[in-house]
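# Structure at a glance
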Amino acid sequence: MSSEDQEGDDEMLDESPQPMEVAPAEVTKVENQDPESMKFTMKFKNLSNPKEGHYSDVFTVGDCKWRVVIFPRGNNVDYLSMYFSVADPDDLPSGWTRCAQFSLSVVNQINKEETVRKDTQRHKFTKQHSDWGHKMFMPLGELNDPAKGYLVDDTCIIEAEAKIMPDDWTYDSRKETGYVGLKNQGATCYMNSLLQTLYHIPYFRKAVYHMPTTENDLASGSSIPLALQTLFYKLQYKKDSVGTKELTKSFGWNTHQSFMQHDVQELNRVLCEKLENKMKGTAVEGTIQHLFEGHHMNYIECINVDYKSTRKESFYDIQLDVKGCQDVYASFDKYVQVERLEGDNKYHADQHHGLQDAKKGVLFTDFPPVLQLQLKRYEYDVMRDTMVKINDRYEFPLQLDLDREDRKYLSPDSDISVRNLYTLQAVLVHSGGGHGGHYYAFIRPTVSEQCFKFNDEMVTKEDIKRVLEEQYGGEARYSNAYMLVYIRESNRDEIICNVEEKDIAEQLRIRLKKEQEEKELKKKEKAEAYLYTTIKVARDEDLFQQIGRDVYFDLVDYSKVRSFRVQKQMQFNQFKEEVFKEFGVPVQFQRFWLWDKKRHHIYGRYRPLTLQEESQSIWQVREVSNKVSVYGGWCLQDLKLFLEVEIGPESHPIPPPCYTPKQDILLFFKLYDAEKEEIRYAGRLIVDRNGTPFEILKKLNEMVGFSPDEELELYEESKFEPEQIDKNLTFAASRLMDGDIICFQKSASADRITQYRCPDVPSFLEDVSYRQVVHF
């Protein structure tokens, strides 16, 4: 559901709890527009009953039985809660689903114009999730106020209108209609309907394609022409719905602005104005004016003297009154209605004629090929200090004749050679009240009776005659037209032209094709992602490079080591061949250790892979890794391994040293230099768990180039509090395990303790833990 369905409220749409058993509300069928779309009225009585929930009688829409559930005391909120629900979900077969679009209304029994209606766009109902609706439909204070008119004689009247929709998971708009929709960013349905309307003016689309753009436009991301070209290209060739974020980004909109309703007329004017400026000096200069610009003449003519004042103005759209007008012709009559200037309102002609009786009005000098009519469905209510929507019935013809003899809309000096006969091209619709709702468009790409409903991502076929009748508005109808687009018949062949791939500039075509191919590839990779997994392999080289630079605690940042993307079903021994190709380490000299989150919140190696495990698939090895991690309370997303490699004479790999589980321990060592305040990776050793650190001191000195007899202090690294190791206790007695890290340094004398800022490992690691990096 798009957020505009709840705009203006802090309501929450959710599933309802089970209502208590009370007498169901009787349902009356209001009208039968088509077999899949129905409207019902129901009266909920005795709402003062202490029972929490009330439900209606069962009614049928499509092939399914439904009911409405209300909570007149709110579903744990101080609002009326109301839901649309499947009637008997327990009786449905497993896997049952239906997509429905519905609206719910609380009828104002005093003034129907105050009826509160809320629409919900397409929702998928299932056997398990059988209801959906508004937890906060309207405040209880407003519902229960007798003066408001929503609750009369302890009874409220609810209207429900529902239509069964295609399943959005299986429905293919391109396949069913030849067109695709636009994704809703949150509250951009009004923009989507306008963009689809402009796209289906082929002359306009072709001109947009021919606007010059550069690589700098692509890099900046702020070029409206390039964003619109990209959008139109995708609408023309993409297989599924198209996003609009690039376009709104080019407008300079942030995420918050995408969730705000903007005025459609204003958006249309601003967009066309920006395109008009960008077209100047190009091959398509003047396109906007040619398509949309017409002119009218404001005049004041004196009655008793020969004096007339005129002023010619251009327009891109015409705003027509709805209130008090039966149809479009009545609105045009009102638009050109003559006003008398007399009495205290006389017109001051000039210094010779003075105040004169006069008539004032407007006449059109010419209409544009594409006529955009903005219907004034909203007006300001002074008494309520708010904008209200006018839902009056207002008719508009399929063919609009502005040259009818009984209608005088044109000035005498207009060009009579142009026949102003127009055919309806698009109807932009608003469904909802004055403070929110949903927008969509009905468009006729050709002159046939077939038209299409562009409702965000969904495009469906519609019958034009039914569309006209449904969008006229009228009593209890909250879905109605607010903008009409007509195309002049004499210009139809020019405007509804073919737009082929050759009409798109070659540079643009190549770039957009490449972008589309890359996205299709990514989409394919994403769809096939379940077949692959990632293995990240760390080596001694990574430890030497990172420790003391990128890493102080732990050993390695796995986001910066070599990654392999492999099929899960690949045998691990095959993967070792890939490692040989990458690192040059022969298979027989490779030993891999599983990487795990261990105590003290640091990484460590759990154990080496066995020969049996290496004969299994990557997926089976990954499962072993996950079991290890889950046991430790942490789940791995990727398979992380440490590659143990021993280097012999002349830098050639040699077989790794013998390792006996339960007897040996693999330990990693870091050297701390107090004078330089530096820590670095020193190497690793496999030691006998029953041996002591004292026995390996000479080896450690040799690893870092110290004198064999240098006195060393050893600390077991933990995240914040390193623990000094007793060199005479066994490794097992010190509870050291595979993968533990030992930091060592030269023994600190008394004078060195005072000489250095961080004289030992604990003080250095404490200092590191409090550091904050500031980038300038």
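Higher on the page you've got the structure.
Here is a short report on the structure shown in this document. Keep in mind that this is a model prediction, so the values were computed, not measured.

Scanning the chain from N- to C-terminus turns up 21 helices and 39 strands. Relative to its full complement of 776 residues, the chain shows a buried share of 52%. Partitioning the contacts of the chain with sequence separation of at least 6, the portion at a separation of at least 24 is 67%. Of the roughly 38,200 Å² of accessible surface on the chain, 48% is carried by carbon and sulfur atoms.

Our focus in this paragraph is the nonpolar core. Most often, soluble globular proteins have nonpolar side chains that are buried together. Counting residues in each nonpolar core, the largest one holds 54 residues, and the members touching the most others are Phe204, Phe232 and Phe292. In terms of residues, this core owes the most to one element, helix H6 (residues 224–237), which gives eight residues. Beyond its immediate chain neighbours, meaning those up to four positions away, phenylalanine 204 contacts Leu198, Phe232, Leu275, Ile288, Leu291 and Phe292. Ranked by size, the runner-up nonpolar core spans 37 residues in total, among them Tyr299, Ile318, Phe396 and Val427.

Spatially, five strands are ordered S36-S35-S39-S37-S38 in an open sheet, and the strand pairing comes out mixed. Edge strands, defined here as strands with exactly one partner in the open sheet, are strand S36 (678–688) and strand S38 (723–724). Where strand S35 (residues 664–673) and S36 come together, ten bridges link them in antiparallel fashion. Of the residues in S36, the one forming a bridge with aspartate 664 is aspartate 688. Docked against the sheet, helix H19 (residues 697–704) engages S35, S36, strand S37 (712–716) and strand S39 (741–746), running at close to 140° with respect to S36.

Next up on the list: the sheet that holds strand S12 (residues 294–302). Strand order across the open sheet formed by four strands is S13-S12-S18-S15, with antiparallel pairing between neighbours. The outermost strands of the open sheet, each flanked by one partner alone, are strand S13 (308–315) and strand S15 (339–341). Each strand of the sheet is rotated relative to its neighbour by a mean of 25°, with strand direction disregarded. One ladder, built from eight bridges, connects S12 with S13; its direction is antiparallel. Across the sheet, the residue bridging to histidine 295 is serine 314, located in S13.

Here we come to the packing of helix H3 (residues 189–199) against helix H9 (residues 264–279). It is the contact of H3 with H9, at a shortest axis distance of 10 Å, that shows an interaxial angle of 45°. Taken together, the axis directions place H3 and H9 in an arrangement best described as oblique. The hand of the H3/H9 crossing is right-handed. Every residue of H9 that contacts H3 at Tyr190, Met191, Leu194, Leu195 and Leu198 is listed here: Val264, Leu267, Asn268 and Leu271. Residue classes in the contact of H3 with H9 are distributed as eight nonpolar, one polar and no charged.

Now for a nonpolar patch on the surface. On the surface, a nonpolar cluster with roughly 310 Å² of combined accessible area is contributed by Tyr380, Val382 and Met387. Note that valine 382 resides in the loop between strand S20 (378–381) and strand S21 (386–389).

Further remarks concern the side chain of serine 414. Mapped onto the fold, serine 414 is located in the loop between strand S22 (399–401) and strand S23 (421–431). Serine 414 gets classed as buried once you look at its relative accessible area, which sits at 11%. From its side chain, serine 414 meets the backbone oxygen of serine 411 in a polar contact 2.8 Å long. Setting aside residues no more than four positions away along its own chain, serine 414 makes contact with Phe364 and Thr365.

Taking 1.5 Å as the rise per residue, helix H14 (residues 506–527) with 22 residues should run 32 Å; its terminal C-alpha atoms sit 31 Å apart, in good agreement. Taken together, the buried positions of H14 are occupied by Leu508, Arg509, Arg511, Leu512, Glu515 and Gln516.

Another point: the environment of glutamine 588. Structurally, glutamine 588 is set in the loop between helix H16 (572–583) and strand S30 (591–597). A C-alpha to C-alpha distance of 8.8 Å links glutamine 588 and isoleucine 654, two positions 66 residues apart in sequence.

Bringing unusual backbone geometry into the picture now. Phi at aspartate 456 is positive, roughly 55°, even though this residue is not glycine. With respect to the helices and strands, aspartate 456 occurs in the loop between strand S25 (450–455) and strand S26 (458–463). In this structure, aspartate 554 is a non-glycine residue whose phi angle is positive, near 65°. By secondary structure assignment, the location of aspartate 554 is in the loop between helix H15 (540–546) and strand S29 (562–567). What makes aspartate 554 buried here is its relative accessible area of 10%.

It is worth spelling out the packing of aromatic side chains at this point. The description of an aromatic ring pair rests on the distance of the ring centres and on the angle between the ring planes. Counted according to the given criterion, the structure contains 37 aromatic pairs. Judged by centre distance (6.3 Å) and plane angle (70°), the ring pair of tyrosine 190 and tyrosine 439 falls under edge-to-face. In this pair, tyrosine 190 sits in helix H3 while tyrosine 439 sits in strand S24 (residues 438–443), placing the two residues 249 residues apart along the sequence. Like tyrosine 439, tyrosine 190 is buried. Joined through ring pairs, the aromatic side chains of Phe40, Phe59, Trp66, Phe84, Phe102 and Phe125 make up one cluster. Over the ring of tyrosine 199 we find arginine 205, and its NZ or CZ is 3.9 Å from the ring centre.

About the cut-offs
Residue indices begin from 1 for each chain and proceed along its sequence in written order. Owing to the predicted nature of the model, reporting of local features is limited to residues with pLDDT of at least 70; listing and counting of side-chain atom pairs is limited to 80 or more, with chain, interface and lining totals taken over all residues. Note that the side-chain values use all heavy atoms of the structure and ignore hydrogens as well as water. Numbering of helices and strands starts at the N terminus; helices are DSSP runs of H or I of at least 4 residues and strands are runs of E of at least 2. Burial status follows relative accessibility: with a 1.4 Å probe on protein chains alone, a residue under 20% of its type maximum counts as buried, one over 50% as exposed, and anything between as partly exposed. The criterion used for residue contact is that any of the two residues' heavy atoms lie within 4.5 Å. What sets the accessible areas is the Shrake-Rupley method with a 1.4 Å probe; for residues, cover comes only from the shown protein chains. Nonpolar core, defined: a set of buried Ala, Val, Leu, Ile, Met, Phe, Trp, Tyr and Cys residues in which side-chain atoms within 4.5 Å join the residues together. One requirement defines pairing of two strands: DSSP has to find at least two bridges between them. Lines are fitted to the C-alpha atoms to define the axes, a helix being fitted only along its stretch in contact, and any angle between axes, read from their N-to-C directions, falls within 0 to 180 degrees. Small angles under 35 degrees read as roughly parallel and large ones over 145 as roughly antiparallel, with 65 to 115 read as roughly perpendicular and the rest as oblique. Crossing handedness is defined as follows: a turn of the near helix away from the far one that is anticlockwise and smaller than a right angle gives a left-handed crossing, while the clockwise case is right-handed. Put simply, Ala, Val, Leu, Ile, Met, Phe, Trp, Tyr, Cys and Pro go in the nonpolar bin, Asp, Glu, Lys and Arg in the charged bin, and everything else, Gly too, in the polar bin. Patch construction takes residues with relative accessible area above 30% that form no salt bridge. Like charges are linked within 9 Å, and nonpolar side chains (Val, Leu, Ile, Met, Phe, Trp, Tyr) are linked within 5 Å. By salt bridge we mean one thing: a side-chain nitrogen of Lys or Arg within 4 Å of a carboxyl oxygen of Asp or Glu. Any pair of nitrogen or oxygen atoms within 3.5 Å is treated as a polar contact; in protein, a donor-acceptor pairing is required on top of that, and neighbouring residues in sequence qualify only through side-chain atoms on both sides. An expected span of 1.5 Å times one less than the residue number is assigned to each helix. Two aromatic rings, drawn from Phe, Tyr or Trp (for Trp, its six-membered ring), form a pair once their centres lie within 6.5 Å of each other, and the interplanar angle then sorts them: stacked below 30 degrees, edge-to-face above 60, tilted otherwise. Here, a charge over a ring means that NZ of Lys or CZ of Arg falls within 6 Å of the ring centre while also lying within 35 degrees of the ring normal.

Everything listed here is a matter of coordinates, which is why it stays silent on function.
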